[in-house]
Amino acid sequence: EGIDKNISNSFLEQRWHLEQSIDFPLTTYFRLSKISSEKEALNHQLKNETIQLTANVKIKYVNVLYNKRILSLREKQINLAEELKKAATSKLEAGEIAELEMMKSEIQLSEAQNFYEDAVQEFHKARYELFNIIGLEPANQKYEIEFEDSLRINFEGFNQLDVLTN
């Protein structure tokens, strides 16, 4: 058709086809309402995650307070066991009790010391769980960090400000 057959195949006839479609008018409305619904769902999800994170931080903080209280109770238990051992030593020297009672008091003291060491470990574990959940970098996790918030506790001989300063 007017193209010489001696010309190479690189020059051939080309056809172009253009097409345009127009959406149905309600399609745009439905698309926008879907996007709005997804946005609202994501906002609710964010709010839920925020509430859950706040609850987890408070749980970890209360766990730190609980472990601090257990630690002070274990210290009292050691003091009582030491007093019992002193009393048993005095009674043994006076001949009022057998050596078996003295051994029992020593065992109670050792158990109290073991319970105290376990409480120290649990306290530090609770602190580091709190540090991790609030996103505190390991380099910044120090023993002198103090937290103040709306959680207040009142125990005799126990101050909230002393919770994390150990």
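Computed from a prediction, not measured in an experiment: that's the story for all the values here. (Residues numbered from 1 in each chain as written. Predicted model: local features only at pLDDT ≥ 70, side-chain atom pairs only at ≥ 80, totals over all residues. Heavy atoms only, no water.)

### Overview of the overall build of the protein chain
Of the regular secondary structure elements, the protein chain holds 2 helices and 0 strands. Taking all 166 residues of the protein chain together, the buried fraction comes to 16%. The contacts of the protein chain with a sequence gap of at least 6 include a subset with a gap of at least 24, amounting to 61%. As displayed, the protein chain offers around 13,600 Å² of accessible surface, 53% of which is attributable to carbon and sulfur atoms. (Helix = DSSP H or I, 4+ residues; strand = E, 2+ residues; numbered from the N terminus. Buried < 20%, exposed > 50% of the residue type's maximum accessible area, 1.4 Å probe, protein only. Contact = heavy atoms within 4.5 Å. Areas by Shrake-Rupley, 256 points an atom, 1.4 Å probe, with all protein chains shown as cover.)

### What about the pattern of salt bridges?
Here the structure, examined in full by the defined rule, presents 3 salt bridges. Across the pair E101 and K104 runs a salt bridge whose closest N-O atoms are separated by 3.8 Å. Residue E101 and its partner K104 are both found in helix 2 (residues 99–133); the two are separated by 3 residues, about one turn of the helix. By relative accessible area, K104 is classed as partly exposed at 44%. (Salt bridge = Lys/Arg side-chain N within 4 Å of Asp/Glu carboxyl O.)

### As for the packing of aromatic side chains
If you walk through the whole model with that rule in mind, you get 2 aromatic pairs. Ring geometry for Y128 versus F131: centroids 5.6 Å apart, planes at 75°, classification edge-to-face. Taken together, the positions of Y128 and F131, both in helix 2 and 3 residues apart, correspond to about one turn of that helix. The exposure class of Y128 is partly exposed, given its relative accessible area of 28%. (Phe/Tyr/Trp six-rings, centres within 6.5 Å; stacked < 30°, edge-to-face > 60°.)

### Focus on helix 2
For an α-helix, the turn length of 3.6 residues means that residues three or four places apart are oriented alike. With 35 residues, helix 2 extends 51 Å from end C-alpha to end C-alpha; this agrees with the ideal 51 Å at 1.5 Å per step. Against helix 1 (25–94) lie the buried residues of helix 2. (Expected span 1.5 Å × (residues − 1).)

### Focus: helix 1
Look at helix 1: 104 Å from first C-alpha to last across 70 residues, which is about the 104 Å you get at 1.5 Å a residue. G95 sits one or two residues past helix 1 and shows a positive phi near 85°.

### Describing a nonpolar patch on the surface
Among the surface-exposed residues, F24, L26, Y29 and F30 lie close enough to one another that they form a single nonpolar patch of about 480 Å² accessible area. Relative to the helices and strands, Y29 resides in helix 1. (Patch = residues over 30% accessible without salt bridge, like charges linked within 9 Å, V, L, I, M, F, W, Y side chains within 5 Å.)

### Concerning the packing of helix 1 against helix 2
A pair of packed helices can be characterised by two numbers: the angle between their axes and the separation between those axes. It is at 8 Å that the axes of helix 1 and helix 2 come closest, and there the two elements cross at 165°. Classified by the angle between their axes, helix 1 and helix 2 sit roughly antiparallel to one another. Taken as a pair, helix 1 and helix 2 cross one another with a handedness that is left-handed. Tallied by class, residues from the contact of helix 1 with helix 2 come to 22 nonpolar, 8 polar and 11 charged. (Axes fitted to C-alpha atoms, helices over the stretch in contact; angles between N-to-C directions. Parallel < 35°, antiparallel > 145°, perpendicular 65-115°, else oblique. Left-handed = near helix turned anticlockwise from the far one by under 90°. Nonpolar A, V, L, I, M, F, W, Y, C, P; charged D, E, K, R; others polar.)

### Remarks on the nonpolar core
Grouped together as the largest cluster of nonpolar side chains are 9 residues: Y61, V64, L65, L71, A119, V120, F123, A126 and L130. Breaking this core down by element, the ones donating at least two residues are helix 1 and helix 2. For this core, the element with the highest residue contribution is helix 2, accounting for 5 residues. (Core = buried A, V, L, I, M, F, W, Y, C linked by side-chain atoms within 4.5 Å.)

### Description of the side chain of S105
Considering the arrangement of structural elements, one finds S105 in helix 2. Of the residues examined, S105 reaches a relative accessible area of 3% and is grouped as buried.

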